[in-house]
Amino acid sequence: MMDVLGQPVKRHEDDRLVRGKGQYTDDIRLPGMVYAHMVRSPHAHAKIKAIDTRAALALPGVLAVYVGSDLKDTVGMIPTAWIPPNAEMKMTPHPALAYDTVRYVGDGVAVVIAEDPYTASDAADLVQVTYAPLEAVVNPREATESDKPLVHQEIPDNVAFHWSVGADLDDVFAASEVVVRQEFRQQRLVPSAMEPRAAVAQYNPATEEMTVWTTTQNPHIHRLLMSGILGIPEHRLRVVAIDVGGGFGSKIACYPDEVVVAYAARALGRPVKWTETRQENFIATSHGRDHVQEVELAGTRDGRIEAIRVKAFSNLGAYLSTAAPGVPTILFGLILNGAYKIPQASVDVYGVVTHTTPVDAYRGAGRPEATYLIERMVDLYARELKMDPVEVRKMNLIPHESFPYTNPFGLEYDSGNYEGTLRRALEMVDYPQFRRDQESLRKQGKYIGIGFSTYVEMCGLGPSEVAGAVGFQGGLWESATVRVHPTGKVTVFTGASPHGQGEETTFAQIVSHELGMPVEDIEVVHGDTARIAMGWGTYGSRTTVVGGAALHMATQKIIAKATKIAAHKLEVSEVDVTFEAGQFGVAGVPGHGMSFASVALDAYLAWSLPEGMEPALEATAFYNPKNFTYPFGAHVAMVSVDPHTGDVELMRYIAVDDVGNIINPMIVEGQIHGGLVQGIGQALYEGAEFDDQGQLITGSFLDYAMPKARFFPQFETDHTVTPSPHNPLGVKGVGETGAIASTPAVVNAVMDALAPMGIRDIAMPLTPIKVWNAIHQQGGI
Amino acid sequence: MEHHRMEVTMTVNGRSVSRDIEPRVLLVHFLRDELQLTGTHVGCDTSQCGSCTVLIDGEAVKSCTVLAVQCMGQSVTTIEGLEQGSLHPMQEAFREKHGLQCGFCTPGVMMTAIQLLKQHPNPTESEIREGLDGVLCRCTGYETIVRSIQHAAGLMADQEPQPEEEVG
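Not measured: the values here are computed from a predicted model.

Student: What is the right way to look at the overall build of chain B in this model?
Tutor: For chain B, the count of helices and strands is 5 helices and 5 strands. Counting helices and strands in the order they occur from the N terminus, chain B gives β-β-α-β-β-β-α-α-α-α. Relative to a compact globule of 168 residues, whose C-alpha radius of gyration would be 15 Å, chain B shows 17 Å and is just as compact. Structurally, chain B occupies a C-alpha span of about 65 × 50 × 25 Å along its principal axes. Looking at the 168 residues of chain B, the share that counts as buried comes to 52%. Nonlocal contacts in chain B, meaning residues at least 24 apart in sequence, comprise 60% of its contacts between residues at least 6 apart.

What follows is the structure in structure tokens.
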């Protein structure tokens, strides 16, 4: 049998998904099920004066209308689960339905339950809410000014936390030969998973059990949080996510909606389904990014970076979402030096509340905001010195012999060969030729540019001790159970919760490799708290890194027990038993052995097991990682800018990534592609915009530019392999690299193209009108 | 407010179906809620994402923009109707070339691609990319979707009945 590790094995999950047999939350249909529709605030900031539900309740088919005051005494606040240390964090009380004040457009004020979804929607329109609108604030830096309206009376200046790391660098900057300063607007993005959020709740009054099917990346975290909010003990609360149609961070959070649905199901004694519309997804599902960053870089005249100093205003929206405070602090601030050996660094982050949709993790979560900043600054520094940006990178990249490398914030980068990925990328682009072409085209009035991003990121979240130290209110280990059935077939139960990343296949590959059995004989179960004891879910590129390592440990336990059984059956000493390709043998005695499947059967029959051994063949392991993992790479974008229209065309895109060992190259490539399009989408197309009243003016796919197929050339990808030394599988994680690396590569390329016009920076997204305006503000071409 | 109802009859995946429904019911909700054909998905409310694309009398149509009653007497094919004993070449190709990740947009994308190959049996890459303008995918970055459609074009060309040789 061929070893499938490292092979492009076709995905198990596709057998159902290409047939339309996937089961997403909105596909669930239960007997007696009724439908919820939320009534949401049209104002960004207002007092609720009155809610009149009479007309809605009078509509035939309407069963109930619940408002904030109905839930107030029995349903707890929606919590945040990340409290960064030493940041004087203030909580934002977040009722499941607002009962006094609404704080963003989309804040829930009532829910209508009806026999069918159309009636629920009709009735929601009949709920009369009287508001007294108030002034709103949307920009995170402006929100901290003293004359601005407060989002929460408890939070002065709208600063929910102030987090700083690093020493005072005034002297370093004062003494430095070169200082480059730049402000960046890391714009707000809408994650836009293609499946809108949904929840179905069913309460069984006989067993007092609540089951909630929902669109989550982490069912066990949902269970933990909802248990507290609803007062249902965890052993009577089951959270299930069968198929989830993408998340990208937006399905980590516990939202008010699933809580309200569960409340209604219990109150009515009927199963209740709620599915958000895309319009609701735009306003009521968490957004990503949204920083104003003031950045300073100090360096020598010959190209050595000496220090980086950042002050960032991070927009958190109206309430602190589940993981929100960790994103602009730990996941952003601690990796600001990127892949560079920068001796000194400091960061100062203001977590600011505004009258906007809550902001939480979005693919990369903090690391794209950091990577953009440092990669752009390296280019601006190179430009200041009139040096080649590649040369400046080569001078400052952490050399491969320096690993493990402790960065200025104390993170220990596990392994790397940053020069290696840059070298490979340069081979793929023929850099000198590009510069020659660029020069000759400029003479013809044509502007092409090249941009680099030599990134590193931290993922595989993460060691639980570190999680605790940085204020994450949970562990970050992962669990795996390997159940070998009497026939030798295997079911794997993982506490991670993949939703498109393909671990039903990659996890089967790991087991197939280790137990020597066909992947078809291995089933991977995820996303159900009733079947999986505990786990922390899928985000932060952690599923294969942490969940895969747990699976490896559980499989090793299986092999250890099975070896003992085989030794007993074969009447030899355990040390003489060999195990290869699913077959137990005896060293030096060819032909004497037994299959793994027959050992499994013996384990279950238990007619003759070694003295004291328990029957059956099942093992559970909990893997607590020793460190984060640090994937890295070199990305190169080549663009052509039309100076007459401002249009940017992406000509070529080269991604050389090192994500450690690769289990399934087909899936890895797919993860990189998907990340690239999201990252390039941020550079060129996407941006959520609010007006001064807090109305989202990019609130549909008509207004928010989602990347389409025709925007992109074929991507050119390659890899180097530097295994993570502390991960049992040597993997590093790949889910976010594309989104982290690509944004600055593309913007650097556009700035390179526009360099002859003296343009230093354009705020993202680089839409044709912004580029055209920038060109014309510089006097045109 | 009592809603008027009417009977609608159409052919779905080769079978005649009749239901008494409100005339305002969208085809996609008719398929999902009345017929439990949940392979067709709703991804937006402005007809941008294409997750709901089905074939109506062989033409790719976004089923969120069509009332069920407008399909009276017509023939609708959904993702569940593609498979005839074995996977349709488009399904086979998407599996082979990793044309999907979360799978949510996939049924609509495949339906769109079937129409695309009808118009361009041997499409160029740019014809495929342009032809995907009516669909959104957030997972794949589209490249493996393009490869899947190219692969499907090859599979479908192989399946085309060869012209019969003339018997002299």
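Student: Where do I start with the overall build of chain A in this structure?
Tutor: Scanning chain A for helices and strands turns up 20 helices and 28 strands. In terms of overall dimensions, chain A has a C-alpha envelope of 90 × 75 × 45 Å along the principal axes. By the burial criterion, 58% of the 781 residues in chain A qualify as buried. Intrachain contacts of chain A at a sequence separation of at least 6 include 81% that bridge at least 24 residues.

Student: Just checking my understanding: could you explain the packing of helix 16 (residues 543-570) of chain A against helix 17 (residues 596-605) of chain A for this structure?
Tutor: Any two packed helices are characterised by the angle at which their axes cross and by the distance between the axes. Residue and element names in this part refer to chain A. In contact at an axis separation of 10 Å, helix 16 and helix 17 are set at 90° when each is read in the N-to-C sense. Between helix 16 and helix 17, the crossing angle belongs to the class labelled roughly perpendicular. Residues Ala-562, Ile-565, Ala-566 and Lys-569 of helix 16 touch helix 17, and the partners they reach there are Phe-596, Val-599, Asp-602 and Ala-603. Tallied by class, the residues present in the contact of helix 16 with helix 17 amount to 6 nonpolar, no polar and 2 charged.

Student: Sorry, what's going on with the pairing of strand 9 (residues 198-204) of chain A here?
Tutor: Consecutive residues of a regular strand have side chains that alternate between opposite faces of the sheet. All names here are of chain A. Most of strand 9 sits inside the fold, with 6 of its 7 residues counted as buried. Examined bridge by bridge, strand 9 and strand 12 (residues 272-275) share 4 bridges and lie antiparallel to one another. Looking across to strand 12, one finds that Ala-199 is bridged to Trp-274. Counted along the chain from strand 9 to the antiparallel partner strand 10 (residues 209-214), the turn is 4 residues long, and its residue Glu-208 has a positive phi close to 60°.

Student: Would you mind showing me how to read the pairing of strand 20 (residues 490-494) of chain A here?
Tutor: Residues and elements named next belong to chain A. Counting buried positions over the 5 residues of strand 20 gives 4, a clear majority of the element. Both strand 19 (residues 478-484) and strand 20 contribute to a ladder of 5 bridges, which runs antiparallel. In the sheet register, Val-484 faces strand 20, and the bridge partner there is Val-490. If you look at the hairpin formed by strand 19 and strand 20, you'll find 5 residues sitting between the two strands, and Gly-488 has a positive phi there, around 95°. Across 4 bridges, the pairing between strand 20 and strand 21 (residues 522-525) is parallel. Each residue of the ladder has a partner; that of Val-490, found in strand 21, is Ile-522. Chirality of the crossover, the property in question, places the unit of strand 20, helix 15 (residues 503-515) and strand 21 among those that are right-handed.

Student: Any chance you could explain the environment of Gly-471 of chain A here in plain terms?
Tutor: Residue and element names in this part refer to chain A. Turning to its location among the elements, Gly-471 is positioned in the loop between helix 14 (464-469) and strand 19. With 178 residues separating them along the chain, Gly-471 and Glu-649 place their C-alpha atoms 43 Å apart. Contact partners of Gly-471, with chain neighbours within four places excluded, come to Trp-82, Ile-83, Pro-84 and Pro-85.

Student: What exactly am I supposed to notice about the sheet that holds strand 7 (residues 159-165) of chain A here?
Tutor: Backbone hydrogen bonds hold the strands of a sheet together, and the pairing may be parallel or antiparallel. All names here are of chain A. Spatial strand order, 7-15-14-13-8: 5 strands in an open sheet with mixed pairing. Single-partner strands in this sheet number two, and they are strand 7 and strand 8 (178-189). Going from strand to strand, the sheet's axes swing by 10° on average, the running direction of each strand aside. Along the sheet, helix 10 (residues 367-385) makes contact with strand 8, strand 13 (288-299) and strand 14 (305-317), crossing strand 8 at roughly 145°.

Student: Teacher, can you tell me more about the confidence of the model for chain B here?
Tutor: Reading fine detail from the predicted coordinates is not recommended where pLDDT is low. In this model, chain B carries an average pLDDT of 94, and 93% of its residues clear a pLDDT of 70 or more. Across the interfaces of the predicted complex, the ipTM metric reaches 0.97, alongside a pTM of 0.97.

Student: Any chance you could explain the sheet that holds strand 24 (residues 589-595) of chain A here in plain terms?
Tutor: All names here are of chain A. In space, the 3 strands of this open sheet follow the order 22-23-24, with antiparallel pairing throughout. In this open sheet, the two edge strands, each paired with only one partner strand, are strand 22 (577-580) and strand 24. Adjacent strand axes in the sheet meet at a mean angle of 35°, parallel and antiparallel pairs treated alike. The strands touched by helix 16 within the sheet are strand 22, strand 23 (583-586) and strand 24, with strand 22 carrying the most contacts at an inclination of about 130°.

Student: Mind showing me how you'd approach the interface of chain B and chain A here?
Tutor: Often the size quoted for an interface is simply the accessible area lost on bringing the parts together. Counting residues at the interface gives 46 residues for chain B and 46 residues for chain A. Here the residues of the side of chain B that touches chain A sort into 18 nonpolar, 16 polar and 12 charged.

Student: Looking at this model, I keep getting lost on the domain arrangement of chain B. Mind explaining?
Tutor: Residues and elements named next belong to chain B. Along its sequence, chain B is organised into domain 1 (6-81) and domain 2 (89-159). The gap between the C-alpha centroids of domain 1 and domain 2 is 21 Å. The interface of domain 1 with domain 2 comprises 15 residues on the first partner and 13 residues on the second. Every element with two or more residues in the side of domain 1 that touches domain 2 is listed here: strand 3 (53-56) and strand 4 (59-62). A breakdown of the residues in the side of domain 1 that touches domain 2 according to their chemical character gives 6 nonpolar, 8 polar and 1 charged.

Student: Explanation requested: the domain arrangement of chain A in the structure shown.
Tutor: Residues and elements named next belong to chain A. When the domains of chain A are assigned, the result is domain 1 (14-134 + 195-245 + 251-284), domain 2 (363-458 + 627-777) and domain 3 (477-623). Each of domain 1 and domain 3 was reduced to a C-alpha centroid, and the two centroids are 39 Å apart. At the junction of the two partners, domain 1 supplies 13 residues and domain 3 supplies 13 residues. If you list the elements that add at least two residues to the side of domain 1 that touches domain 3, you get helix 6 (219-230) and strand 11 (237-240). In terms of residue count, the dominant contributor to the side of domain 1 that touches domain 3 is helix 6 (4 residues). Residue classes in the side of domain 1 that touches domain 3 are distributed as 8 nonpolar, 3 polar and 2 charged.

Student: Explain helix 4 (residues 117-126) of chain A to me, please; I cannot follow it from the model alone.
Tutor: Each α-helix winds once per 3.6 residues, and so residues spaced three or four apart point in a common direction. Residues and elements named next belong to chain A. Every buried residue belonging to helix 4 is among Thr-119, Ala-120, Ala-123 and Ala-124, and all of these are buried. Along the axis of helix 4, the buried residues cluster in a sector spanning 140°; they form a single face. On its buried face, helix 4 sits against strand 1 (34-40), helix 2 (54-58), strand 3 (62-67) and strand 5 (108-114).

Student: What exactly am I supposed to notice about the packing of helix 10 of chain A against helix 11 (residues 389-396) of chain A here?
Tutor: Residue and element names in this part refer to chain A. Contact pair helix 10 / helix 11: the axes reach a minimum separation of 9 Å and the direction vectors enclose 115°. Regarding the angle of helix 10 to helix 11, the classification is roughly perpendicular. Relative to helix 11, the crossing made by helix 10 is right-handed. Seen from helix 10, the contacting residues are Val-378, Asp-379, Tyr-381 and Ala-382; seen from helix 11, they are Pro-389, Val-392 and Arg-393. Here the residues of the contact of helix 10 with helix 11 are counted per class, giving 5 nonpolar, no polar and 2 charged.

Cut-offs and rules
- Position numbers for residues count from 1 along each chain, tracking the sequence in the order it is written.
- Throughout, the order in which chains and ligands are written sets their labels, letters from A for the former and numbers from 1 for the latter.
- Reporting in this predicted model follows two pLDDT cut-offs: at least 70 for local features of residues, and 80 or more for side-chain atom pairs to be given and counted; totals over whole chains, interfaces and linings ignore these cut-offs and use all residues.
- A helix here means a DSSP run of H or I that spans at least four residues, while a strand means a run of E at least two residues long, and both kinds are numbered starting from the N terminus.
- Each radius of gyration reported is based on C-alpha atoms, and the globular scaling rule is 2.2 Å times the count of residues to the power 0.38.
- Buried residues are those with 20 or more other C-beta atoms within 10 Å of their own C-beta, exposed residues have 12 or fewer, and partly exposed residues lie in between; C-beta atoms are placed from the backbone.
- The contact criterion used is a C-beta to C-beta distance within 7 Å, with each C-beta placed from the backbone.
- What counts as an axis is a line fitted to C-alpha atoms, over the stretch in contact for a helix, and the angles between N-to-C directions run from 0 to 180 degrees.
- By the definition adopted for this analysis, an angle is roughly parallel if under 35 degrees, roughly antiparallel if over 145, roughly perpendicular if from 65 to 115, and oblique otherwise.
- Three classes are used, and their members are as follows: Ala, Val, Leu, Ile, Met, Phe, Trp, Tyr, Cys and Pro are nonpolar, Asp, Glu, Lys and Arg are charged, and the others, Gly among them, are polar.
- When DSSP finds two or more bridges between a pair of strands, those strands are recorded as paired.
- A right-handed crossover is one whose linking path, passing over the helix from the first strand to the second, runs clockwise when the strands point away from the viewer.
- Predictor confidence is given residue by residue as pLDDT, running from a minimum of 0 to a maximum of 100.
- Each domain span listed reflects an automatic or database assignment of domains.
- In this context, the arc is that of the directions from the helix axis out to the C-beta atoms.
- A crossing counts as left-handed when the near helix is turned anticlockwise from the far one by less than a right angle, and as right-handed when that turn is clockwise.

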